[in-house]
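The lines below spell out each chain.
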Amino acid sequence: MNGENASSAETGTIDLNGVKSSSSTAVDLTDQIHQLPCCIKYTGPSPVSHYFKPKSTGVEVDGLSVKEAHFRGRKLQGTTFSLPDGYSGFVIGRKKAAKRKASDSNGGMTASWQTNAKFQNITLWNHDNLPSKEDAFLRAFHWFDVAKALHKPVTVDDMESASNPGATPTD
Amino acid sequence: MGSDGELPEWASTPCIMGIDEAGRGPVLGPMVYGCLYCPISYKKTLSTLEFADSKTLKEEKREELFESLKTDATIGWAVDVIDPRVLSAKMLQKNKINLNEISHESAMGLVKRVLDMGYLLTEVYVDTVGDADKYRIKLTERFPSIKFVVAKKADSLYPVVSGASIVAKVTRDRALQNWNFDETSEDMHRNFGSGYPGDPNTKSWLEQHKHSVFGFPSLVRFSWGTCDSYFKGGVEVLWEADEADDDEGSSRKTSKRQSKLSNLGFTGMKRKSEDIESSGKGRCKFFQSRKLEQLSDF
């Protein structure tokens, strides 16, 4: 995601544009990304849509509509929210790594990543608790505003309105 | 559920009620609480109706008795069907509720429901769950106007409880037979057997329907210890709720049957909260409280 630039010693590249140029490889996972309140020690394909069946409850909390689902006998309550305008979620994968067995080749340190899929929303699930705007995951998005305030280049307009606080902003 | 519509005249005369459960032990399907009630004056007639502990009756006989009691205008009945998903969820939630508590709440829910409909319950007979005396005290505190008789094997001692056991058992059997799977995976079938862990049909059904990631279809009570053996080699799942549990030590009274699925087949696994989520450790509060961690290497 947007935001921080890692100041790591090695350099790596993440190709977020690759999607656009060869749109056939870009899978849209909007409505299919779930953040679960547990750690599933497995990486790989799974018949999620056959077993994981979110249902809407009709309940609203903080303007978030609550969904319900079960996973391994636990009741989960969640909500789907859109990523802020101008942001997208990406599922990235190592570019060249010999298919699937990336784990045993720790040699090549210069990481090169490509976008495998994109998404515009996430469904966030809590165990037992109703979702709320106070959930850390949702609050994490506050960073976008902070980052913008800190890093956005100052424009001439900004300077003018700052020196002339009485003026009405022109959009 | 049960006798809907207008209240019969006898509702305002002193009534007795029996409460019994079906499907407490099985590893799959709903647990059903059933009750049967009638005026005290009908007690004698009741004992001529061939009600007996539902377990001693053949299925056809139970069905037949259920159909006939449904048409008896001097008998009322009601059921509480507790979905296996609800059982699992309650027994595995952060503040775990054990099966005895769930059972007590269900029975009390039935008493309340019938009272609220306007029946004058004065005596209620209950098959015990846990310690009979403690259970009776709990019931009496909740419903001071009712005399409770709590006994072991009440279903074979009191015809009104036998009747309730038929209501419960038939409802449970039908619920299982007509179960609609939430899951849409192929190769699923309904030869569950009785649902009791020792039943060969149940065993093979469980074996055929286990899934390394999802565990089982939600028909199965994940909180049952029986599930353990089916999960050897399955994918491990770590939950925050279990972490808290470990920190407290196992001071809580949990029934032996209850076990955490995440533990199954993975003895002695150390769990670290870092496995579950980022902490924002070492960063300013803004990031900590939002669990934002700086990641430069992945």
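Going along each chain's sequence as written, the residues are numbered from 1 onward. Whichever chain is written first is A, and whichever ligand is written first is 1; the rest continue in order. Whole-chain, interface and lining totals are the exception, using all residues; otherwise, since this is a predicted model, local features are given only for residues with pLDDT of at least 70 and side-chain atom pairs are given and counted only at 80 or more. Derived side-chain values reflect all non-hydrogen atoms in the structure, with water molecules and hydrogen atoms excluded from consideration.

Engineer: It is not clear to me how the side chain of threonine 123 of chain A should be interpreted in this structure. Could you clarify?
Structural biologist: Residue and element names in this part refer to chain A. Numbering of helices and strands runs from the N terminus; a helix is a DSSP stretch of H or I covering at least four residues, while a strand is a stretch of E covering at least two. Checked against the element boundaries, threonine 123 lands in strand β10 (residues 121-127). The buried label applies to any residue whose accessible area, calculated with a 1.4 Å probe on protein chains only, is under 20% of its type's maximum; exposed applies above 50%, and partly exposed to all values in between. The class of threonine 123 is buried, set by a relative accessible area of 3%. Any pair of N or O atoms that falls within 3.5 Å is considered a polar contact. Within protein, one atom must be able to donate a hydrogen and the other to accept it, and sequence-neighbouring residues count only if both atoms are side-chain atoms. Reaching out from threonine 123, the side chain makes a polar contact with the side chain of threonine 80 at a distance of 2.7 Å. Note on definitions: a residue-residue contact is assigned when non-hydrogen atoms from the two residues lie within 4.5 Å. If near-sequence neighbours (up to four positions away) are discounted, threonine 123 is found in contact with Ile33, His34, Gln35, Lys67, Thr79 and Thr80.

Engineer: How should I be thinking about the UniProt feature "binding site: a divalent metal cation" (unreviewed entry) in chain B in this particular structure?
Structural biologist: All names here are of chain B. UniProt positions are given in the numbering used here, feature names are shortened, and annotations may be inferred rather than shown by experiment. The UniProt record annotates "binding site: a divalent metal cation" (unreviewed entry) at Asp20, Glu21 and Asp127. Separation in sequence by 108 residues is not matched in space for these annotated residues, since their most distant C-alpha atoms are only 8.0 Å apart. Residue classification places aspartate 20 among the buried positions, given a relative accessible area of 4%. Among residues more than four places away in sequence, those in contact with aspartate 20 are Val32, Tyr33, Gly34, Asp127, Asp155, Val161, Ala164, Ser165 and Ala168. Here glutamate 21 shows up in strand β1 (residues 15-22). Using a relative accessible area of 19% as the deciding quantity, one classes glutamate 21 as buried. With residues up to four places along the chain from it excluded, the contact list for glutamate 21 reads Met31, Val32, Tyr33 and Ala168. A polar side-chain atom of glutamate 21 sits 3.2 Å from the main-chain amide nitrogen of arginine 24.

Engineer: Explain the sheet that holds strand β7 (residues 74-82) of chain A here, please?
Structural biologist: Adjacent strands of a sheet form backbone hydrogen bonds with each other and so pair up, either parallel or antiparallel. Residues and elements named next belong to chain A. Across the sheet, which stays open at both edges, the five strands sit in the order β3-β10-β7-β6-β5 with mixed pairing between neighbours. Unpaired on one side and paired on the other, β3 (34-35) and β5 (55-61) mark the two borders of the sheet. A pair of strands is considered paired only if DSSP assigns at least 2 bridges between the two. Summarising the sheet, β5 and strand β6 (residues 64-71) pair through four bridges and their orientation is antiparallel. Residue pairing for β6: valine 61 is matched across the bridge by leucine 64.

Engineer: Would you take a moment to explain the pairing of β10 of chain A for this structure?
Structural biologist: Consecutive residues of a regular strand have side chains that alternate between opposite faces of the sheet. Residue and element names in this part refer to chain A. The element β10 is largely enclosed, with a buried count of seven among its seven residues. Of the two faces of β10, the one lined by Asn121, Thr123, Trp125 and His127 and the one lined by Ile122, Leu124 and Asn126 are each fully buried. One ladder, built from two bridges, connects β3 with β10; its direction is parallel. By the bridge assignment, histidine 34 is partnered in β10 with threonine 123. Of the pairings in the sheet, the one linking β7 to β10 comprises seven bridges and is antiparallel in character. Each residue of the ladder has a partner; that of leucine 76, found in β10, is histidine 127.

Engineer: What's the story with the sheet that holds strand β3 (residues 76-82) of chain B in this structure? I'm lost.
Structural biologist: Residues and elements named next belong to chain B. Taken together, five strands build an open sheet; the order of strands is β3-β2-β1-β4-β5 and the sheet is mixed. With one partner strand each, in any of the chains shown, β3 and β5 (147-151) form the two edges of the open sheet. With strand direction ignored, the average angle separating the axes of adjacent strands in the sheet is 15°. Judged from the eight bridges that link them, β1 and strand β2 (residues 31-39) form a sheet pairing that is antiparallel. Following the sheet pairing, cysteine 15 is matched in β2 by proline 39. In this analysis, axes come from line fits to C-alpha atoms, helices being fitted only over the stretch in contact, and the angle between any two N-to-C directions falls in the range 0 to 180 degrees.

Engineer: Looking at this structure, how should I read the interface of chain B and chain A?
Structural biologist: Interfaces are often sized by the accessible area lost when the parts come together. Contacts between the two partners involve 42 residues from chain B, matched on the other side by 39 residues from chain A. Put simply, buried area is the surface a 1.4 Å probe can reach on two separate parts but cannot reach once they are joined, added for both. For the pairing of chain B and chain A, the buried interface totals around 3800 Å² over both sides, and the portion due to carbon and sulfur atoms is 59%. Just to be clear on terms, a salt bridge is a Lys or Arg side-chain nitrogen sitting within 4 Å of an Asp or Glu carboxyl oxygen. The interface formed by chain B and chain A includes one salt bridge. Here lysine 55 of chain A makes a salt bridge to aspartate 182 of chain B, at a shortest N to O gap of 2.9 Å. On the surface where chain B and chain A come into contact, there are 14 residue pairs in polar contact (both at pLDDT 80 or more).

Engineer: What am I meant to see in the environment of leucine 139 of chain B here?
Structural biologist: Mapped onto the elements, leucine 139 of chain B comes out in helix α5 (residues 132-142). Given the relative accessible area of 1%, leucine 139 of chain B is considered buried.

Engineer: What is the right way to read the pairing of β2 of chain B from this model?
Structural biologist: Residue and element names in this part refer to chain B. The element β2 is extensively covered by neighbouring structure, given that nine of its nine residues are classed as buried. Both β2 and β3 contribute to a ladder of seven bridges, which runs antiparallel. Paired with glycine 34 across the strands is valine 79, a residue of β3.

Engineer: Sorry if this is basic, but what is going on with unusual backbone geometry here?
Structural biologist: Where the residue is not glycine, phi is negative for most of them; where a peptide bond is considered, it is trans in most cases. Even without being glycine, aspartate 62 of chain A reaches a positive phi, approximately 55°. Topologically, aspartate 62 of chain A is positioned in the loop between β5 and β6. The class of aspartate 62 of chain A is partly exposed, set by a relative accessible area of 42%. Despite not being glycine, lysine 153 of chain B shows a phi value in the positive range, around 55°.

Engineer: Where do I start with the nonpolar core in this structure?
Structural biologist: One broad rule of soluble globular proteins: the nonpolar side chains tend to lie buried together. Residues and elements named next belong to chain B. Working definition of a nonpolar core: buried Ala, Val, Leu, Ile, Met, Phe, Trp, Tyr and Cys residues. They are joined through side-chain atoms within 4.5 Å. If you look at the biggest cluster of nonpolar residues, it comprises 47 residues, and the most contacted ones within it are Met17, Ile19, Leu28, Val111, Leu121, Val124 and Phe148. Sort the elements by how many residues they give to this core and helix α4 (residues 99-117) lands first, with seven residues. Beyond its immediate sequence surroundings of up to four residues, phenylalanine 148 is in contact with Val111, Val124, Val126, Arg136, Leu139, Thr140 and Phe143. Membership of the second largest hydrophobic core comes to 26 residues, among which are Trp77, Ala151, Val160 and Ala168.

Engineer: It is not clear to me how the packing of aromatic side chains should be interpreted in this structure. Could you clarify?
Structural biologist: Each aromatic ring pair is characterised by the separation of its centres together with the angle its planes make. Two rings from Phe, Tyr or Trp (for Trp, the six-membered ring) form a pair when their centres sit within 6.5 Å of each other. Planes less than 30 degrees apart are called stacked, planes more than 60 degrees apart edge-to-face, and all others tilted. Counted according to the given criterion, the structure contains 24 aromatic pairs over all chains. Judged by centre distance (5.8 Å) and plane angle (90°), the ring pair of phenylalanine 71 of chain A and phenylalanine 214 of chain B falls under edge-to-face. A residue pair is termed interchain when its members come from two chains, as with phenylalanine 71 of chain A in strand β6 and phenylalanine 214 of chain B in the loop between α8 (200-209) and β6 (237-239). The pair formed by phenylalanine 71 of chain A and phenylalanine 214 of chain B is uniform in burial state, with each residue classed as buried. Ring geometry for phenylalanine 181 of chain B against tryptophan 205 of chain B: centres 6.3 Å apart, planes inclined by 10°, an arrangement best described as stacked. Taken together, the positions of phenylalanine 181 of chain B in the loop between α7 (159-177) and α8 and tryptophan 205 of chain B in helix α8 put the pair 24 residues apart, joining distant regions of the chain. Among the residues examined, tryptophan 205 of chain B registers a relative accessible area of 0% and is labelled buried. By way of ring pairs, the aromatic residues Phe81, Tyr87, Phe137, Phe141 and Phe144 of chain A are connected into one cluster.

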